[in-house]
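These are the residues of each chain, in order.
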Amino acid sequence: MLAACANDAKQPIEDMAPAPPPREAKPVPKFDRDSAYAYVEQQVAFGPRVVNSEAHARTRKWLVDKLESFGAEVREQNFEAVAFDGTPLSATNIIARYSPELEDRILLSAHWDTRPFADSDLEDDPNAVVNGADDGGSGVGVLLEVARQLGMNKPDIGVDIVLFDAEDYGKSGGGGGNSWGLGSQYYAKNVQAPKPRFGILLDMVGARDANFAVESYSEKYAPTIVGKVWRLANSMGYGSYYVNERGGAVIDDHYYVNTIANIPTIDIINLPKDAEGQFVDHWHTGNDNMDVIDKRTLRAAGQVVLATVFREAAGTL
Ligand code: AHN
Ligand code: ZN
């Protein structure tokens, strides 16, 4: 800083660029965890949000209405896809924009569909259905509350909230090719200008004592964002969630946003150390219901996302 001032002092004054107007830092709104919890509950009440189902269609309309009521400019990005098993899927990404006129933008995302079958090794009931409170419901519930806050307090940066469809219709086990994240693949191939500068994906952010270890593709494609967000979260007192541990690599929606759209995007995802598999034990089982949701975890996700947006807007992240 001092050295730069000394150099500038040698230049004639009329060559100096005008100082940018000081940006007043807007306070970070308070994330309401009860509100987020109610949004998760409402999704679960619709029933499993499996692509092509009635519950899925009703939830879609509810999500669009909610986001519009929170002051966003909402677009439904419809697309047709074919699932790994040949099922034709009519799906919809929901894109909600705040301050659409601004060039500098942040992407906040989660998937809103739920898994059509409970295929986890930990599920022995062949009739179990996945309610997707955590897997699907939690990320969307958090982003709806973030959207509500953005509707009341606009940061000096654009925000695109994108709810991806058809994330969870992938092939069980390994070797599914690109059968997961069909909505994010479509979004990434068709992303419109102005393209968000970076992104955050929320996936399974509702369970008690969630362990947000650093997912490996996030570290690979968006190390700067990982550093900023984990440092911020720890400074806010959420270090028990945002642990400084390396987690495995997950082919999740952020993988396609990173590799197809080239938007550096992190995945905040629960990667527990003591689970039997890579994810929480209720993952893709009949146990993924409201019983596993803890408001404190929803807040840890949502308050950090809100702080990230407002701090980045103020240039202090
Ligand atoms: C794979 O298992 C390849 N991806 C998991 C992504 C996912 C499913 N997230 C939630 N459900
Ligand atoms: Zn899933």
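Bear in mind that the values here come from a model prediction, so they are computed numbers and not experimental data.

(A) Broad picture of the overall build of the protein. Along the protein, the regular secondary structure elements total nine helices and six strands. In terms of overall dimensions, the protein is globule-like: its C-alpha atoms have a radius of gyration of 20 Å, near the 20 Å expected for 317 residues. A buried classification covers 55% of the 317 residues belonging to the protein. Surface exposure of the protein reaches about 13,800 Å², of which carbon and sulfur atoms provide 49%. Put simply, the protein has 30 plus and 46 minus side-chain charges, and the middle of one group is 6 Å from the middle of the other.

(B) Summary view of the coordination of the zinc ion (ligand 2). Each protein donor to the zinc ion (ligand 2) is listed here as Asp135 (OD), Asp168 (OD), Asp168 (OD) and His284 (NE2); together their distances run 1.9 to 2.5 Å. Every donor residue of the zinc ion (ligand 2) comes from the same chain, spaced as D-x32-D-x115-H. Highlighted residues: Asp168 in the loop between strand S4 (158-164) and helix H5 (182-189) and His284 in the loop between strand S6 (265-269) and helix H9 (295-314), separated in sequence by 116 residues. With respect to burial, Asp168 and His284 carry one shared label: buried.

(C) Inspection of the pattern of salt bridges at higher detail. One pass over the full model with this rule turns up 16 salt bridges. Of the charged contacts, one joins Arg197 and Asp104 as a salt bridge, the two residues approaching to 2.6 Å between their closest N and O atoms. In this pair, Arg197 sits in the loop between H5 and strand S5 (198-203) while Asp104 sits in the loop between strand S2 (88-98) and strand S3 (105-111), placing the two residues 93 residues apart along the sequence. Looking at Asp104, the relative accessible area reads 33%, which means it is partly exposed. For Glu312, the salt bridge goes to Lys228, with nearest N and O atoms at 3.3 Å. On the criterion of sequence distance, the pair formed by Glu312 in helix H9 and Lys228 in helix H7 (residues 223-235) is long-range, its members being 84 residues apart.

(D) Quick peek at the site of ligand 1. Taken together, the neighbourhood of ligand 1 is formed by His111, Asp135, Glu167, Asp168, Trp180, Asp203, Met204, Val250, Ile251, Trp283 and His284. Asp135 is positioned such that a nitrogen or oxygen atom in its side chain is 3.1 Å from a nitrogen atom of ligand 1. At a separation of 3.1 Å, a nitrogen atom of ligand 1 approaches a polar backbone atom of Ile251. For ligand 1, whose unbound accessible area comes to 320 Å², protein coverage reaches 88%. Taken together, the residues of the shell around ligand 1 sort by class into five nonpolar, two polar and four charged.

(E) Main features of helix H2 (residues 33-45). For H2, which comprises 13 residues, the first-to-last C-alpha distance of 18 Å matches the rise-based estimate of 18 Å (1.5 Å per residue) to within 8%. Of the surrounding elements, those touching the buried residues of H2 are helix H3 (54-69), helix H4 (133-152) and H9. Positive phi appears at Gly47, one or two residues downstream of H2, with a value of about 100°.

(F) Seen up close, the environment of Ile95. You can see Ile95 is positioned in strand S2. Under the relative-accessibility criterion, Ile95 is labelled buried at 2%. Distance in space between the C-alpha atoms of Ile95 and Arg75 is 5.1 Å, their sequence separation being 20 residues. Apart from residues no more than four positions distant in its own chain, Ile95 is found in contact with Glu73, Val74, Arg75, Gln77, Ile161, Val162 and Tyr187.

(G) The arrangement of the nonpolar core in detail. Counting 63 residues, the largest nonpolar core has Leu108, Ile161, Tyr242 and Ile268 as the members making the most contacts within it. Considering each element in turn, this core owes the most residues, nine residues, to H9. Tyr242 has contacts with Phe212, Val229, Trp230, Ala233, Asn234, Ile268, Ala300, Ala301 and Val304, leaving out every residue within four places of it along the chain.

(H) Summary view of the side chain of Asp203. Positionally, Asp203 belongs in strand S5. This buried residue, Asp203, is left without a salt bridge; Arg49 holds the nearest opposite charge, at 11 Å. When residues no more than four places from it in sequence are discounted, the contact partners of Asp203 are His111, Asp135, Asp252, Asp267, Ile268, Ile269 and Asn270.

(I) Region of the structure containing the packing of aromatic side chains. Counted under the stated rule, the structure contains 14 aromatic pairs. Centre to centre, the rings of Tyr39 and Phe70 are 6.1 Å apart; their planes meet at 55°, and the pair counts as tilted. One end of the pair, Tyr39, is in helix H2; the other, Phe70, is in the loop between H3 and strand S1 (73-82), with 31 residues separating them in the sequence. We note that Tyr39, like Phe70, is buried. Ring centres of Trp230 and Tyr242 lie 5.4 Å apart, and the angle between their planes is 75°; this geometry places the pair in the edge-to-face category. Residue Trp230 is located in helix H7, and its partner Tyr242 is located in the loop between H7 and helix H8 (253-259); the two are separated by twelve residues in the primary sequence. Taking the relative accessible area as the measure of exposure, Tyr242 reaches 0% and is therefore buried. Lys295 extends its terminal NZ or CZ atom over the ring of Tyr37, reaching a point 4.9 Å from the ring centre.

Scoring rules and cut-offs
- Residues numbered from 1 in each chain as written.
- Chains lettered and ligands numbered in written order.
- Predicted model: local features only at pLDDT ≥ 70, side-chain atom pairs only at ≥ 80, totals over all residues.
- Heavy atoms only, no water.
- Helix = DSSP H or I, 4+ residues; strand = E, 2+ residues; numbered from the N terminus.
- Rg over C-alpha atoms; globule rule 2.2 N^0.38 Å.
- Buried < 20%, exposed > 50% of the residue type's maximum accessible area, 1.4 Å probe, protein only.
- Areas by Shrake-Rupley, 256 points an atom, 1.4 Å probe, with all protein chains shown as cover.
- Lys, Arg positive; Asp, Glu negative; His and termini not counted.
- Charge placed at Lys NZ, Arg CZ, Asp CG, Glu CD.
- Donors = N, O, S within 2.8 Å, 3.2 Å for Na, K, Ca; no water.
- Salt bridge = Lys/Arg side-chain N within 4 Å of Asp/Glu carboxyl O.
- Near = heavy atom within 4 Å.
- Polar contact = N/O pair within 3.5 Å; in protein donor to acceptor, adjacent residues only side chain to side chain.
- Nonpolar A, V, L, I, M, F, W, Y, C, P; charged D, E, K, R; others polar.
- Expected span 1.5 Å × (residues − 1).
- Contact = heavy atoms within 4.5 Å.
- Core = buried A, V, L, I, M, F, W, Y, C linked by side-chain atoms within 4.5 Å.
- Phe/Tyr/Trp six-rings, centres within 6.5 Å; stacked < 30°, edge-to-face > 60°.
- Lys NZ or Arg CZ within 6 Å of the ring centre and 35° of its normal.

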